[in-house]
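Residues per chain, in single letters:
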Amino acid sequence: MVRVGWVGRIAFFAAIVAYIALPMTAVVLYSLSTRWTSNLLPDGYTLRHWREGLTETRLQQAVLRTTWMAAATLVLDVAIVVPAVYWQRVRNPRIRILTELSAAIPFVLPFVVIAFGILRLAGRYTPELLGTPWIILLGHAAIAFPFLYWAIDGAMAAAGISRLNEAAQTCGATPVQILRHVVFPNIGAGLATGGMLVFATSFGEFALVQILVGARFENVSLYSLNLLTETSSQYEKLAVLTVVVFVILFAISVAVVALNRGQAGRFLPGVRAAEGGRSE
Amino acid sequence: MASPTRASAEPRGTAGNADTANPARATLRWVGNGLALWLPALPLLLLAIALLVAPTIELILSSVRGEAGGWTIQYWRDTLASNGGRQAISTSLRLALICATLSLLIGGPLAWLISRMLTLRRSVWLALLNVAANFGGVGLAFGYVAALGTYGMLTLALRDIGLGFDPPPIGSLTSLVLAYEYTNVPLFVLLTLPAMGILRTEWMEAAATSSATRAQFWRFVGLPMLAPFLAAGWLLIFTWSIGIYGLAYAMGAGAATIGRLRLITLQIGLTLNTGVGREERAAVLAVVLLLFATVSLVAYRIILHRALRWFG
């Protein structure tokens with residue numbers, strides 16, 4: 001009985017690993033193959049697609065655009081979320097009602113619905129914004145902020161920010177000084193975890209970019225779709241692009257796990273915040 | 001707080017209070033206090049109102065506002081009576097139901113096993129699952145094609161060893177389930193893993209000492225305790241599966257254009273991208289998604305409230 005359980009467990013793990021590894025392996029092999037139509041493995045190997053892909057301006061531009069959009073989204077979110085969470089913890093708890101409600105919207109509402117709503121609203125009031133990267137930046141900041149919000153809220157609870165704040169105020173520090181010298185240094189892990197999820201969300205986002213801007217801001221998702229649906233001869237280039245994106249996201253994932261010291265990078269939102277809120 | 005209008009009705013200087021004496025200053029102080037209370041949160045709240053709340057309201061309104069400007073339920077009636085609309089809703093629900101249940105059945109035991117591992121092994125698993133959870137959208141669609149397409153790696157391998165294997169066509173329900181689960185199962189594990197810690201090893205030992213079998217332990221202690229967390233995870237995967245768009249578009253846009261596949265998100269996306277179909281109907285479908293999301297959120301809150309008893 002024990003032995004059967006042990007064998008079953010190994011088989012279960014192996015199946016999961018195979019399932020996760022299979023598409024990635026196939027993509028990597030695709031990017032290295034000369035032709036691949038008949039066997040388990042490609043007919044021959046070459047680095048040609050990598051050379052061509054990495055020197056192609058369109059691919060470089062797409063990766064660059066996606067990266068700076070994700071970075072800009074991250075900076076904007078940090079700039080607006082940290083002060084809001086700080087203020088609702090130390091000064092005005094009523095802010096929390098509104099921020100929690102706002103965070104719930106992108107959490108459960110599909111991005112394609114949000115994109116549709118923004119399209120109609122912007123079309124009526126600010127049509128000049130449509131088709132520009134600015135609306136993507138604002139949209140990405142709006143849909144990705146909950147990740148940062150929950151991570152920072154948890155980190156501030158764990159650091160006991162309200163007591164630190166009282167101590168700093170007693171010493172005569174201004175709110176800006178407190179943010180800079182007390183809050184930020186104490187929420188590093190939360191900032192990193194939430195920030196990376198924000199970055200990854202913007203990096204892989206498709207609905208907003210496709211519906212609000214389209215080809216005028218060709219990011220990695222749009223270019224990939226183009227390569228996937230255009231003609232089958234583009235698959236090798238798509239494989240190169242997919243591996244590049246995958247490596248970037250992999251680096252982020254590993255960093256998140258490392259920063260959390262073996263804990264899960266995500267959690268049921270509300271659980272950790274409520275836990276931290278009680279312990280404070 | 002004295003209102004400026006009442007204060008200005010009084011003769012200047014008669015009241016001792018500076019606020020009532022100078023209405024301008026009273027208003028200023030009122031604004032100042034309000035700013036002090038809200039200012040640091042204003043940018044975030046404004047962004048949320050402009051890009052999350054207002055667009056949602058706009059969609060609700062445009063699904064019930066007629067061309068002439070009056071209210072109408074015509075779009076709702078049309079959409080829900082149409083074959084396409086009904087099919088989209090039922091297929092989306094069915095897909096999400098299958099995905100959430102499979103995630104629970106596979107992800108639940110996996111989360112439990114990983115939670116019992118030593119730190120190093122657990123870290124490796126977490127890294128692997130994190131990568132899979134983040135590998136979505138168009139990239140994953142290509143990964144699926146490369147593995148299980150007509151010339152996919154697995155397809156070729158199975159043909160190679162002489163099995164007459166026909167992969168599920170791209171855009172079929174089976175192919176969507178297989179692709180969706182690639183991110184869903186890891187997400188389910190990552191979401192429920194922290195909760196697995198509430199089951200103590202001592203309790204298993206206590207149950208064993210009382211000569212309870214493993215099955216009995218799970219039936220009477222383990223599952224009842226984990227139930228709210230597993231339910232919350234199921235609910236989230238269900239909700240998110242209905243809303244998946246990039247992956248669905250990359251895999252199913254072709255099948256959807258010829259009417260072989262109908263999903264709510266795809267109907268909305270195709271209407272907006274191709275201009276075929278009416279935007280009002282897309283708005284109705286978007287509000288249907290909004291209703292699902294609202295119900296899920298309320299249910300999630302209730303479940304979580306129960307779950308948090310164990311942290312009390």
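As a starting point, this report considers the structure included with it. Note that the structure is predicted; figures quoted are calculated from it, not measured.

Here we come to the overall build of chain B. When you go through chain B residue by residue, the secondary structure sums to 15 helices and zero strands. Relative to the globule expectation of 20 Å for 312 residues, the C-alpha radius of gyration of chain B, 28 Å, shows a markedly less compact shape. Taking all 312 residues of chain B together, the buried fraction comes to 50%. Look at the contacts in chain B between residues 6 or more apart in sequence, and 66% of them connect residues 24 or more apart. Per element, the accessible surface of chain B, about 14,700 Å² overall, is 64% carbon and sulfur.

This part takes up unusual backbone geometry. Residue and element names in this part refer to chain B. A positive phi is found at Ser 211, a non-glycine position, where the angle reads about 60°. If you trace the backbone, Ser 211 turns up in the loop between helix H11 (201-209) and helix H12 (214-243). Since its relative accessible area comes to 62%, Ser 211 is described here as exposed.

A contiguous nonpolar patch, built from Trp 30, Val 31, Leu 35 and Leu 39 of chain B and spanning about 390 Å² of accessible area, is present on the exposed surface. Of the residues examined, Leu 39 of chain B reaches a relative accessible area of 47% and is grouped as partly exposed.

On to helix H9 (residues 153-160) of chain B. Three or more residues of H9 of chain B are buried, namely Met 153, Thr 155, Leu 156 and Ala 157 of chain B. Of the residues one or two after H9 of chain B, Gly 162 of chain B is the one with positive phi, at around 90°.

All right, on to the interface of chain B and chain A then. Taken together, the 90 residues of chain B in the interface contact 87 residues of chain A. Roughly 8,300 Å² of surface becomes buried between chain B and chain A when both sides are summed, with 77% attributable to carbon and sulfur atoms. Looking at the side of chain B facing chain A, the largest losses of area belong to Leu 44, Phe 142 and Met 153 of chain B, adding up to 9% of the total buried there. Counting across the interface, chain B meets chain A through three salt bridges. Between Glu 58 of chain B and Arg 120 of chain A there is a salt bridge, and its shortest N-O distance comes to 3.6 Å. The dominant element in the side of chain B that touches chain A, judged by the number of residues it contributes, is helix H4 (residues 42-64) of chain B, at 15 residues. Grouping the amino acids of the side of chain B that touches chain A by side-chain chemistry returns 68 nonpolar, 14 polar and eight charged.

So, about the nonpolar core. Val 81, Val 82, Ile 152, Met 156 and Val 183 of chain A together with Tyr 180 and Ile 268 of chain B are the most contacted members of the largest nonpolar core, which totals 189 residues. Residue contributions to this core peak at 15 residues, all from helix H15 (residues 279-307) of chain B. Aside from chain neighbours lying at most four places away, what touches Val 81 of chain A is Phe 145, Leu 148, Tyr 149 and Ile 152 of chain A together with Leu 44 of chain B.

About the thresholds
Residues numbered from 1 in each chain as written. Chains lettered and ligands numbered in written order. Predicted model: local features only at pLDDT ≥ 70, side-chain atom pairs only at ≥ 80, totals over all residues. Heavy atoms only, no water. Helix = DSSP H or I, 4+ residues; strand = E, 2+ residues; numbered from the N terminus. Rg over C-alpha atoms; globule rule 2.2 N^0.38 Å. Buried < 20%, exposed > 50% of the residue type's maximum accessible area, 1.4 Å probe, protein only. Contact = heavy atoms within 4.5 Å. Areas by Shrake-Rupley, 256 points an atom, 1.4 Å probe, with all protein chains shown as cover. Patch = residues over 30% accessible without salt bridge, like charges linked within 9 Å, V, L, I, M, F, W, Y side chains within 5 Å. Salt bridge = Lys/Arg side-chain N within 4 Å of Asp/Glu carboxyl O. Buried area = accessible area lost by both parts, 1.4 Å probe. Nonpolar A, V, L, I, M, F, W, Y, C, P; charged D, E, K, R; others polar. Core = buried A, V, L, I, M, F, W, Y, C linked by side-chain atoms within 4.5 Å.

Purely geometric stuff here, so don't read any function into it on its own.
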